[in-house]
Amino acid sequence: MAIPPYTDIIKNLPAMVPFVGPETIERNQGKAFLARIGANESVFGISPLARTAMADAACESWMYCDPEGYDLRLALAKANGVEIENVMLGAGIDDILGVIVRTFMNPGDTVVASYGSYPTFAYHVHGFGGVLKTVPYRNDANDLQALADAASEHGAKILFLANPDNPTGSYYPREDIEDLIARLPDGCLFIFDEAYLDFVPEGSVVPMVCDDPRIVRVRTFSKAHGMAGARVGYAITHPEIVQTFNRIRLHFGVNRMAQEGALASLGDKKFIEDVIRKVNEGRLEYESLGRELGIPTLPSRTNFVSFDLSTKERAVGVMTSLIEQGVFVRMPGVPPLDRLVRITIGTERDRALFAEALRGALSSGPD
Ligand SMILES: Cc1ncc(COP(=O)(O)O)c(C=O)c1O
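A brief report on the enclosed structure follows.

How each quantity is defined
Residues numbered from 1 in each chain as written. Predicted model: local features only at pLDDT ≥ 70, side-chain atom pairs only at ≥ 80, totals over all residues. Helix = DSSP H or I, 4+ residues; strand = E, 2+ residues; numbered from the N terminus. Rg over C-alpha atoms; globule rule 2.2 N^0.38 Å. Buried ≥ 20, exposed ≤ 12 C-beta atoms within 10 Å, placed from the backbone. Contact = placed C-beta atoms within 7 Å. Expected span 1.5 Å × (residues − 1). Near = placed C-beta within 6 Å. Nonpolar A, V, L, I, M, F, W, Y, C, P; charged D, E, K, R; others polar. Axes fitted to C-alpha atoms, helices over the stretch in contact; angles between N-to-C directions. Parallel < 35°, antiparallel > 145°, perpendicular 65-115°, else oblique. Left-handed = near helix turned anticlockwise from the far one by under 90°. Pairing = 2+ DSSP bridges. Core = buried A, V, L, I, M, F, W, Y, C linked by C-beta atoms within 7 Å. Domains from an automatic or database assignment.

## So, the overall build of the protein chain
Each helix and strand counted, the protein chain has 13 helices and 11 strands in total. Compactness check: the protein chain gives a C-alpha radius of gyration of 21 Å against a globular reference of 21 Å for 367 residues, within 12% of the reference. Residue burial in the protein chain is summarised as follows: out of 367 residues, 45% are buried. At a minimum sequence separation of 6, the contacts of the protein chain that also span at least 24 residues come to 74%.

What follows is the structure, given as structure tokens:
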């Protein structure tokens, strides 16, 4: 019997897997990784307060979660100096990006992002039938001027920017982002992805302006809070947009344990400060390893560092060798970024394993 016809959008999508998980590689290799420093998770774990809250909530999992996520949204609103009406929850930024794209982009509409930027935006754009125009990175950073120009030229419905950026780790302070916002063409929504916000200097962050309905800021508990597996993210934007999101968002998408854990983690400032300190320490160590081995590292304002292996061939060789030696890492897939290997800040033990494996990779591979 034949499969009933797929939609036109689905028929035209290539078969693809946006993220090959370390679990898949472990199954294929028949062995577990010794260090998991490829997905920008936080190896420093979750707050003890979050652990207790989540364990308690686990016992209450027979109940649906609060579909309004009220307590967590209220705490997030307070922490960010906004109102609860400005905040929407989602199962990570990845989920929220889909909600935003569906809300603001018709099939056939054009949107803009950097070529090789965080892939889930493109994934949703293609899944909802949009047309993605990309702008190349410049000097291993988003080219803000070119992004604004492209948005105008193509009459883009959405402009996506991650700041700090993944995979380069680059970061623009407040003035540059405000400049970009001032140059947004009419009718263009700005998705401002601040997944790595916790790692940037406080004074450089764009102030909250929730009365500007052209901007949706998206943030996550997956990085400094160490809760990638729990799937909690949030958007901050104009209240009317939050209400509109309510028409399509998955109302029980952020489960009870995730909501309780995030709420507890948000209250554990000491834990987060400690994570940030450890990340800064690890980043310095990676940079000095790069100097020692003659491999430039890109300046990073995130929980990862990209090592510049100068050619794609050398980067692929090093990544493959690291993976074979039990160190899970990833690299960007498109030029000119495909000469980089991106390494998440690991624990002291992870970093030692990585350093040793990198030395091994460099001594065995072609220069
Ligand atoms: C720029 C950026 N945005 C979003 C995400 C995903 O966040 P979440 O886990 O909340 O879906 C990542 C994860 O690596 C990221 O690098």
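## Section: helix H3 (residues 48-59)
Helix length check: H3, at 12 residues, gives a terminal C-alpha distance of 17 Å against a target of 16 Å (1.5 Å per residue), a fit within 8%. Looking at the packing, one finds that the buried side of H3 touches helix H10 (256-266).

## Quick word on the site of the ligand
Among the 13 residues in the neighbourhood of the ligand, the closest are listed as Gly92, Asp94, Asn166, Thr220 and Ser222. Looking at which element gives the most residues to the shell around the ligand, the answer is helix H5 (residues 92-104), with 3 residues. Taken together, the residues of the shell around the ligand break down into 5 nonpolar, 6 polar and 2 charged.

## Some remarks on the packing of helix H4 (residues 70-80) against H10
As a packed pair, H4 and H10 sit with axes 9 Å apart at the nearest point and diverge in direction by 25°. One finds that H4 runs roughly parallel with respect to H10. For the pair H4 and H10, the crossing hand works out as left-handed. Between H4, through Asp71, Leu72, Ala75, Leu76 and Ala79, and H10, the contact on the second element is made entirely by Gln259, Ala262, Leu263 and Leu266. A breakdown of the residues in the contact of H4 with H10 according to their chemical character gives 7 nonpolar, 1 polar and 1 charged.

## Details of the sheet that holds strand S7 (residues 215-220)
What the 7 strands build is an open sheet, ordered S2-S8-S7-S6-S5-S3-S4; its pairing is mixed. Of all the strands in the sheet, the pair left with one neighbour each is strand S2 (87-90) and strand S4 (131-135). Direction aside, neighbouring strands of the sheet carry axes that sit 20° apart on average. Examined bridge by bridge, strand S6 (residues 189-193) and S7 share 4 bridges and lie parallel to one another. Bridging across to S7, Asp193 finds its partner in Val218. Here H4 sits on the sheet in contact with S2 and strand S8 (233-236), set at roughly 125° to S2.

## What about the nonpolar core?
In terms of nonpolar packing, the biggest core is built from 102 residues, with Ile158, Leu159, Ile191, Val327 and Val341 touching the most fellow members. Of the residues forming this core, the biggest block, 6 residues, is contributed by H5. Here this core gathers at least three residues from each of two domains, domain 1 (8-45 + 270-364) and domain 2 (48-268). Dropping the residues within four chain positions of it, Ile158 is found in contact with Val101, Phe104, Met105, Val111, Cys188, Leu189 and Ile191.

## So, the packing of H5 against helix H6 (residues 120-127)
Between H5 and H6, the shortest axis-to-axis distance is 9 Å and the interhelical angle comes to 40°. The angle between H5 and H6 places the two elements in the oblique class. With respect to the hand of their crossing, H5 and H6 are arranged in right-handed fashion. Facing H5, whose interface residues are Asp94, Leu97, Gly98 and Val101, H6 presents Thr120, Phe121, His124 and Val125. Classifying every residue of the contact of H5 with H6 by side-chain character gives 4 nonpolar, 3 polar and 1 charged.

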